[in-house]
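Chain by chain, the residues run as shown.
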Amino acid sequence: MSHVLNTYRAGADERGHFGLFGGRYVAETLMPLILELEEAYEAAKADPAFHAELRGLLTNYVGRPSPLYFASRMTEACGGAKIYFKREDLNHTGAHKINNCMGQILLARRMGKTRIIAETGAGQHGVATATVCALFGMKCVIYMGETDIARQAPNVFRMKLLGAEVKPVVSGSRTLKDAMNEALRDWVTNVRDTFYIIGTVAGPHPYPSLVRDFQTVIGEEAREQIQKAEGRLPDSLVACVGGGSNAMGLFHPFLDDKEVRIIGVEAAGHGLETGQHAASLTGGRPGVLHGNRTYLLQDADGQITEAHSISAGLDYPGIGPEHSWLKDVGRVEYVSITDTEAVEAFQQTTRLEGIIPALESSHAVAQAMKMARTLPKDHVMVVCMSGRGDKDVNTIAQAMGQDMGASL
Amino acid sequence: MTAASTTATAATATGAARDRLAERFAKLKAENRGGLVIYTMAGDPDARTALEIMKGLPAAGADVIELGMPFSDPMADGPAIQAAALRALKAGMTLQGTLDTLAAFREGDDETPVVLMGYYNPIYAYGPQRFAEAARAAGCDGLIIVDLPPEEAPELNEHLDRVGIHLIFLTTPTTNEKRLPAVLKEAGGFLYYVSITGITGAASAVEDEVAQAVAGIRAHTDLPIAVGFGIRTPEQAAAFARIGDAAVVGSAVVAQITDSLSAEGAAGPDTVARPLALVRDLAAGVRTARQ
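Residues numbered from 1 in each chain as written. Chains lettered and ligands numbered in written order. Predicted model: local features only at pLDDT ≥ 70, side-chain atom pairs only at ≥ 80, totals over all residues. Heavy atoms only, no water.

- For chain B, the name recorded in an unreviewed UniProt entry is Tryptophan synthase alpha chain, with Caenispirillum bisanense as its organism.
- Taken from UniProt, the Pathway (unreviewed entry) comment for chain B reads in full: "Amino-acid biosynthesis; L-tryptophan biosynthesis; L-tryptophan from chorismate: step 5/5."
- Recorded in UniProt for chain B, the comment headed Sequence similarities (unreviewed entry) runs: "Belongs to the TrpA family." (UniProt positions renumbered as here; feature names shortened; annotations may be inferred.)

- The name an unreviewed UniProt entry gives chain A is Tryptophan synthase beta chain, with Caenispirillum bisanense as the organism.
- If you open the UniProt record of chain A and go to Subunit (unreviewed entry), you find "Tetramer of two alpha and two beta chains."

1. As for the UniProt feature "modified residue: N6-(pyridoxal phosphate)lysine" (unreviewed entry) in chain A
All names here are of chain A.
(1) Moving on: Within the UniProt annotation, "modified residue: N6-(pyridoxal phosphate)lysine" (unreviewed entry) is assigned to Lys97.
(2) Moving on: Checked against the element boundaries, lysine 97 lands in helix α4 (residues 97-110).
(3) Moving on: Given a relative accessible area of 15%, lysine 97 falls into the buried group. (Helix = DSSP H or I, 4+ residues; strand = E, 2+ residues; numbered from the N terminus. Buried < 20%, exposed > 50% of the residue type's maximum accessible area, 1.4 Å probe, protein only.)

2. Quick look at the domain arrangement of chain A
Accessible area lost upon the coming together of the parts is a frequently used measure of interface size.
Residues and elements named next belong to chain A.
(1) Moving on: Per the domain assignment, the segments of chain A are domain 1 (17-59 + 97-206) and domain 2 (65-94 + 216-400).
(2) Moving on: Centre-to-centre separation of domain 1 and domain 2, based on C-alpha positions: 22 Å.
(3) Moving on: Each partner contributes to the interface: domain 1 provides 38 residues, whereas domain 2 provides 41 residues.
(4) Moving on: Linking domain 1 with domain 2 are zero salt bridges, by the criterion used here. (Domains from an automatic or database assignment. Contact = heavy atoms within 4.5 Å. Salt bridge = Lys/Arg side-chain N within 4 Å of Asp/Glu carboxyl O.)

3. Structural notes on helix α7 (residues 153-161) of chain A
Residues and elements named next belong to chain A.
(1) Moving on: Those residues of α7 lying buried are Asn155, Val156 and Met159. With its buried residues spanning 105° around the axis, α7 presents them on a single face. Of the exposed residues in α7, the ones pointing more than 90 degrees away from its buried face are Phe157 and Leu161.
(2) Moving on: Next to the buried residues of α7 lie β5 (115-120), α5 (124-136), β6 (139-145), α6 (146-151) and β7 (165-169).
(3) Moving on: One or two residues past the end of α7 sits glycine 163, with phi positive at roughly 95°. (Arc of directions from axis to C-beta.)

4. Comments concerning the UniProt feature "domain: Tryptophan synthase beta chain-like PALP" (unreviewed entry) in chain A
(1) Moving on: Per the UniProt record, "domain: Tryptophan synthase beta chain-like PALP" (unreviewed entry) is found at residues 63-386 of chain A.
(2) Moving on: Helix makes up 42% of residues 63-386 of chain A and strand 21%, and the two end C-alpha atoms of the span are 15 Å apart.

5. Structural notes on the sheet that holds strand β9 (residues 246-249) of chain B
Residues and elements named next belong to chain B.
(1) Moving on: Strand order in this open sheet of nine strands is β5-β4-β3-β2-β1-β9-β8-β7-β6, and the pairing throughout is parallel. Looking at which strands have only one partner, the edges of the open sheet turn out to be β5 (166-167) and β6 (169-171).
(2) Moving on: Bridge count between strand β8 (residues 225-228) and β9: two bridges; the pairing is parallel. Across the sheet, residue valine 227 finds its bridge partner in β9, namely alanine 247.
(3) Moving on: The strands that helix α2 (residues 20-30) touches are β1 (35-41), β2 (64-68), β3 (114-118), β4 (142-145), β5 and β9; relative to β2, the one it contacts most, it runs at about 140°.
(4) Moving on: Along the sheet face, helix α12 (residues 251-259) touches β1 and β9 and points at about 45° away from the line of β1. (Pairing = 2+ DSSP bridges. Axes fitted to C-alpha atoms, helices over the stretch in contact; angles between N-to-C directions.)

6. Focus on the packing of aromatic side chains
(1) Moving on: What the rule picks out here adds up to 15 aromatic pairs over all chains.
(2) Moving on: Pairwise contacts between aromatic rings join Tyr25(A), Tyr120(B) and Tyr124(B) into one cluster.
(3) Moving on: One cation-aromatic arrangement involves Arg87(A) over Tyr69(A); the distance from NZ or CZ to the ring centre is 6.0 Å.
(4) Moving on: Cation over ring: Arg130(B) sits above Tyr126(B), and NZ or CZ is 3.9 Å from the ring centre. (Phe/Tyr/Trp six-rings, centres within 6.5 Å; stacked < 30°, edge-to-face > 60°. Lys NZ or Arg CZ within 6 Å of the ring centre and 35° of its normal.)

7. What to know about the packing of α4(A) against α5(A)
Residue and element names in this part refer to chain A.
(1) Moving on: One can describe the packing of α4 onto α5 by two numbers: an axis separation of 9 Å at closest approach and a directional angle of 40°. The angle between the axes of α4 and α5 places the two elements in the oblique class. In the packing of α4 onto α5, the handedness of the crossing is right-handed. Counting all contacts with α4, which are made through Lys97, Ile98, Asn100, Cys101, Met102, Ile105, Leu106 and Arg109, the residues of α5 involved are Gln124, His125, Ala128, Thr129, Thr131, Val132, Cys133, Leu135 and Phe136.
(2) Moving on: When grouped by side-chain class, the residues that make up the contact of α4 with α5 number 10 nonpolar, five polar and two charged. (Parallel < 35°, antiparallel > 145°, perpendicular 65-115°, else oblique. Left-handed = near helix turned anticlockwise from the far one by under 90°. Nonpolar A, V, L, I, M, F, W, Y, C, P; charged D, E, K, R; others polar.)

8. A few points about the confidence of the model for chain B
Residue and element names in this part refer to chain B.
(1) Moving on: Per-residue confidence for chain B gives a mean pLDDT of 91; residues scoring 70 or more make up 93%.
(2) Moving on: In the predicted structure, residues 1-15 sits below a pLDDT of 50 and forms 15 contacts with residues beyond four places in sequence or in another chain.
(3) Moving on: Across the predicted assembly, pTM comes out at 0.94 and ipTM at 0.94. (pLDDT = per-residue confidence, 0-100.)

Written out as structure tokens, the structure reads:
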């Protein structure tokens, strides 16, 4: 890799590598499918009809563009930088996940697949997948760890209402990574009729590039909106990172704007020093899992260790390979926020702005507030409000030590 | 096969970089019979018991041993082998421990080829070059890395080539004619034909379809072909060993170990005897499969 890059947006090379990261580390049974998917995606990208249909659905069904909202009370409370929220929480189904699902279901239909599988952690991707399957009349199976099913009950019921079969995963830590293992086992068994809608910018090539492409609508809109509101590009971007799809979607259109500082926020769980966290970039090292090489939480023997975060959507021991690359080349800064800080930010956002943020997004807000306090008033910051927090109210009540029925 | 036999003779003559796999497949051909490849997980349910089982395999009739390297996230394995991997890890098995198990086995058996089978991350963490050297020193003949397709294999294979370990590849019902040359380019030792699309231990395949697929592969390579996934009974083993050059049995053997354990997952009185009894039955089946 050269020392000075002309662009950070060139994407993966033809073999799906972002520098050291990415690639196609999958069982032979899946290789022909992944190659077929890559071919189908390249064809779709070059087809104006595909883009037109996707654009129509994003506008009329998802409700795009999502607003860029100036959070004046939060800005005032922090007393520093101007904080804007990119409101992905206002999308249909309540998170950014639907942007990607809509793109992938159109691909699945083009490829003649009739059965959709997906993994989910917080349930947002599961709900988005179940939604597009209902819309297109396709059979839908969602793999979800038993631990996550317990802490995200409302989303589980929503998926069922939408006609999806939710399969509880009882192997391993019973969270997102195990759900992904099970989805891969299903795919390897049902290769001919099944399309796997991966929910984040991870997995074997071409998924990291494909999911990023479907999510860059976030950053493209934000770029236009902030220029309209402020007459210039923002000074900084902040987004939470589990697998990293909302972050990649916001960041990517700005990667070559050197004056824009870009910050990804990982989940520090109980604190990095406790070992109970989900910060793979800060606390992990490169390894191979789920089809790609990326930073992973692992022990000395290369066994994957369990991640911890109060947010089910960030509770994953890996991260998208393009983030690993952006960290190593130094274009994006990655920091982390603890469970406690995220819960605090959740409450602040609710009280100050009347917006109940997802616990995932609360990590980004916590970081934004921390930074805003120290920055000048003409600093413009865009924070990705990746999802809404209705699904998290049980967890929050527990964290606050309160019964949901009791008065606040 | 011709190529394999020639290599075997040459290697034996020089004494350097001995190729136990080529020797074994040449011997099977000379005896005009199909071979039996048996999979067992290192460290399951504990290091000592697993070594005892492994030591008993050649006498029970295993022609080639696949020694599983436990991994926390075995994406291509069914419930039986997943559980075995977790038991092994819980009992403290590591990649180094797996190599130590192999080295201990080699003290009493310098003939039976041993192929290590698992996933890439533990090897990547160990360091591909360091691993290749340590594995060869322990007596490893081949390697099957489930999540390392030919496209990603050169980064490991360059080190394996240097020490004379074969990187063995799986081909599946989805490996089409267009893709097969890419697989064969990196492949050594033998080809492992996965007779079904699915995970280990799933339902078994239809014989006619497998025979057709194996014939298709033979048109492209002289490498011996082992057929596996879903084989449970001596009859199935015989049928598939007749179609290929060997039949691979894994989950059914592991299931015998699982069934012999205490409620806490510790070795029971039959933990060594039960899998070996199954292997004896399978071997008897395979030996009826004259080609």
